[in-house]
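# Descriptive structure summary
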There are 2 protein chains.
Amino acid sequence: MKVISSEELGRRIEITPEQIRKDLASFGQFGKKGVGYYVAELQQNISNILGLNRHWKIVIIGVGHLGAALANYHNFINLGFNLVALFDNNPAIIGKTINNVQVLGMDKLEMAIKSLGIDIGIIAVPRLEAQKVADRLVASHVKGIWNFAPIRLRVPKHVHMVNEDLSVGLSSLSYHITNAFG
Amino acid sequence: MKVISSEELGRRIEITPEQIRKDLASFGQFGKKGVGYYVAELQQNISNILGLNRHWKIVIIGVGHLGAALANYHNFINLGFNLVALFDNNPAIIGKTINNVQVLGMDKLEMAIKSLGIDIGIIAVPRLEAQKVADRLVASHVKGIWNFAPIRLRVPKHVHMVNEDLSVGLSSLSYHITNAFG
């Protein structure tokens, strides 16, 4: 497909065509009136807007079930995220590899982040260890943190943080079921 | 704390006080002008709105790293979600328990869902198995599905589905870093 209309886009992702046109227009003049969007051009533009037109180097801290699941998430690479290292303090898994990426000891964290030029740290440690890990990531000059620990972390304003809060998804489901079934 | 202002709420969750007042007002008359919100009453009202004032019975299908991580997620119970069973087709883990919940074989799925009165199925199986599992959940009359497989699933309109898409969090981080660092 070379061209797609906002109607067809809207149908596929369940958003109104008006909203799609409005959202995209706020980033520039992409579509062609009465024709639609050139697909390749639209993909490139969205990549540029989201900063997905480059490679980000990422590490995961904490290789429990969640960290291991994230290390095996194959979409990372499609989005331009290169998983460079994993960190844990469990001697039983230090030195192993998951998805071809090595698990390093926590004592190597600062050295590895600086020497490898890591952009983003993913926190998958238990709740009460998360702030300490965030502090070490900040001190090592990462640009962003993706936090999976169910706790609100404090980081300086220049470090960008996204909290992945699983209770949001479940509450949203609960809300929709409740309002349909009473 | 007995009372909280929209200013203080806004400061804590980084949303403008105006937005908080507007959002809450769309569900009813909660706050008291010039005073704020009574905390206990606000919590109760939000629980009611989200349908978190009752217990939902949930199961997880797929006990790989992700399923195991979800089974250990302690916030479920705080939100009123009771994890009742886990399902997998790997004979090596069928019969084991995670977080006091037993892993059953996939052949028990329909029977267990109906006899235990399961409300919500959480899909944590590989991408290409996800639609088949969704079909079986629908046929067993669950009310909602929480999908972690990175694929768009088709379910009838009366079954509510929330897709947990990890690429959203990572793209959001990429966007913010790009627009700050250029």
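As shown above, the structure is provided for reference.
The text that follows walks through the structure, step by step, so that each part is easy to find.

Analysis parameters
- Residues numbered from 1 in each chain as written.
- Chains lettered and ligands numbered in written order.
- Predicted model: local features only at pLDDT ≥ 70, side-chain atom pairs only at ≥ 80, totals over all residues.
- Heavy atoms only, no water.
- Helix = DSSP H or I, 4+ residues; strand = E, 2+ residues; numbered from the N terminus.
- Rg over C-alpha atoms; globule rule 2.2 N^0.38 Å.
- Buried < 20%, exposed > 50% of the residue type's maximum accessible area, 1.4 Å probe, protein only.
- Contact = heavy atoms within 4.5 Å.
- Areas by Shrake-Rupley, 256 points an atom, 1.4 Å probe, with all protein chains shown as cover.
- Lys, Arg positive; Asp, Glu negative; His and termini not counted.
- Charge placed at Lys NZ, Arg CZ, Asp CG, Glu CD.
- Core = buried A, V, L, I, M, F, W, Y, C linked by side-chain atoms within 4.5 Å.
- Arc of directions from axis to C-beta.
- Pairing = 2+ DSSP bridges.
- Axes fitted to C-alpha atoms, helices over the stretch in contact; angles between N-to-C directions.
- Least-squares fit on C-alpha atoms with pLDDT ≥ 70 in both.
- Phe/Tyr/Trp six-rings, centres within 6.5 Å; stacked < 30°, edge-to-face > 60°.
- Lys NZ or Arg CZ within 6 Å of the ring centre and 35° of its normal.
- Salt bridge = Lys/Arg side-chain N within 4 Å of Asp/Glu carboxyl O.

### Description of the overall build of chain A
Tallying secondary structure elements over chain A gives eight helices and nine strands in all. Its C-alpha atoms give chain A a radius of gyration of 20 Å, clearly above 16 Å, the size a compact globule of 182 residues would have. In chain A, which comprises 182 residues, the share counted as buried stands at 44%. In chain A, the share of contacts with a sequence separation of at least 24, taken over all contacts with a separation of at least 6, comes to 50%. With the model as given, the accessible surface of chain A reaches about 9,900 Å², and the carbon-plus-sulfur share is 55%. In chain A, the 19 positive side-chain charges and the 14 negative ones have mean positions that sit 4 Å from each other.

### Points about the side chain of B:Ser174
By the element assignment, B:Ser174 lies in helix H8 (residues 166–181). Note on B:Ser174: relative accessible area 0%, which makes it buried. Ignoring sequence-local partners within four residues, the contact set of B:Ser174 consists of A:Leu50, A:Gly51, A:Leu52, A:Trp56 and A:Phe81.

### Quick word on the nonpolar core
Within the largest apolar cluster, 28 residues are counted, with the highest numbers of intra-cluster contacts made by B:Ile60, B:Leu70, B:Phe76, B:Phe81, B:Leu86, B:Ile122 and B:Trp146. Elements that contribute at least two residues to this core include exactly helix H8 (166–181) of chain A together with strand E3 (56–61), helix H4 (65–71), strand E4 (81–88), strand E6 (101–105) and strand E7 (120–123) of chain B. Here the element with the most residues in this core is H8(A); it accounts for four residues. Beyond its immediate chain neighbours, meaning those up to four positions away, B:Leu70 contacts A:Leu166, B:Ile60, B:Phe76, B:Ile122, B:Ala124 and B:Phe148.

### Looking at helix H6 (residues 109–116) of chain A
Residues and elements named next belong to chain A. Where H6 is concerned, the buried positions are Leu109, Ala112 and Ile113. In an axial view of H6, the angular spread of the buried residues amounts to 95°, which keeps them on one side of the axis. Opposite its buried face, H6 presents the exposed residues Lys114 and Ser115, each directed more than 90 degrees away. Summarising the contacts, the buried residues of H6 are in contact with strand E3 (56–61), strand E4 (81–88), strand E6 (101–105) and helix H7 (130–139). Directly after H6, the chain includes Gly117, whose backbone phi takes a positive value near 65°.

### Some thoughts on the sheet that holds strand E9 (residues 160–163) of chain B
Residues and elements named next belong to chain B. Ordered in space as E5-E6-E4-E3-E7-E8-E9, the seven strands form an open sheet in which the pairing is mixed. Each end of this open sheet is capped by a strand with a single partner; those strands are strand E5 (97–98) and E9. In terms of strand pairing, E5 meets E6 through two bridges, oriented antiparallel. By the bridge assignment for E6, Ile98 is matched with Val101. Across the sheet, helix H6 (residues 109–116) touches E3, E4 and E6, and the angle it forms with E4 is around 165°.

### Here we look at the pairing of E4(A)
Here is the key point about a regular strand: its side chains alternate between the two faces of the sheet. All names here are of chain A. Judged by how many residues are buried, E4 sits mostly within the fold: six of eight residues are covered. Pairing between E3 and E4: six bridges, direction parallel. Within E4, the residue paired with Trp56 across the bridge is Phe81.

### Observations concerning the relation of the copies chain B and chain A
Once chain B has been moved 0.0 Å along the axis and rotated by 180°, it coincides with chain A to within an RMSD of 0.0 Å. Seen this way, the second copy is the image of the first under a two-fold rotation axis. Minimal C-alpha distance to the rotation axis in chain B is attained by B:His65, lying at 2.3 Å. Looking at the interface residues of chain B, 100% of them are also at the interface in chain A, so both copies use one shared face.

### Here's the deal with the pairing of E7(B)
All names here are of chain B. Covered by surrounding structure in E7 are Ile120 and Ile122 together with Gly121 and Ile123, the residues of both alternating faces. Relative to E7, E3 is paired through four bridges, and the arrangement is parallel. Its bridge partner lying in E7, Ile58 is registered against Ile120. Relative to strand E8 (residues 144–147), E7 runs parallel, the two sharing four bridges.

### Observations regarding the packing of aromatic side chains
Residue and element names in this part refer to chain A. Under the criterion given, the structure shown has eight aromatic pairs over all chains. Ring geometry for Tyr73 versus Phe76: centroids 4.9 Å apart, planes at 75°, classification edge-to-face. Here Tyr73 matches Phe76 in class, with each residue buried. Phe76 gets classed as buried once you look at its relative accessible area, which sits at 3%. Among the aromatic side chains, those forming a connected cluster through ring pairs are Tyr73, Phe76, Trp146 and Phe148. Just above the ring of Trp56 sits the side chain of Arg54; from NZ or CZ to the centre is 3.7 Å.

### Observations concerning the pattern of salt bridges
Opposite charge on two side chains makes pairing possible when the charged atoms of those side chains draw close. Residue and element names in this part refer to chain A. Enumeration over the complete set of coordinates arrives at 16 salt bridges over all chains. Between Asp119 and Arg54 there is a salt bridge, and its shortest N-O distance comes to 3.4 Å. Of this pair, Asp119 sits in the loop between H6 and strand E7 (120–123) while Arg54 sits in the loop between helix H3 (39–50) and E3; the two residues are 65 residues apart in sequence, bridging distant segments of the chain. The buried category is assigned to Asp119, whose relative accessible area is 5%.

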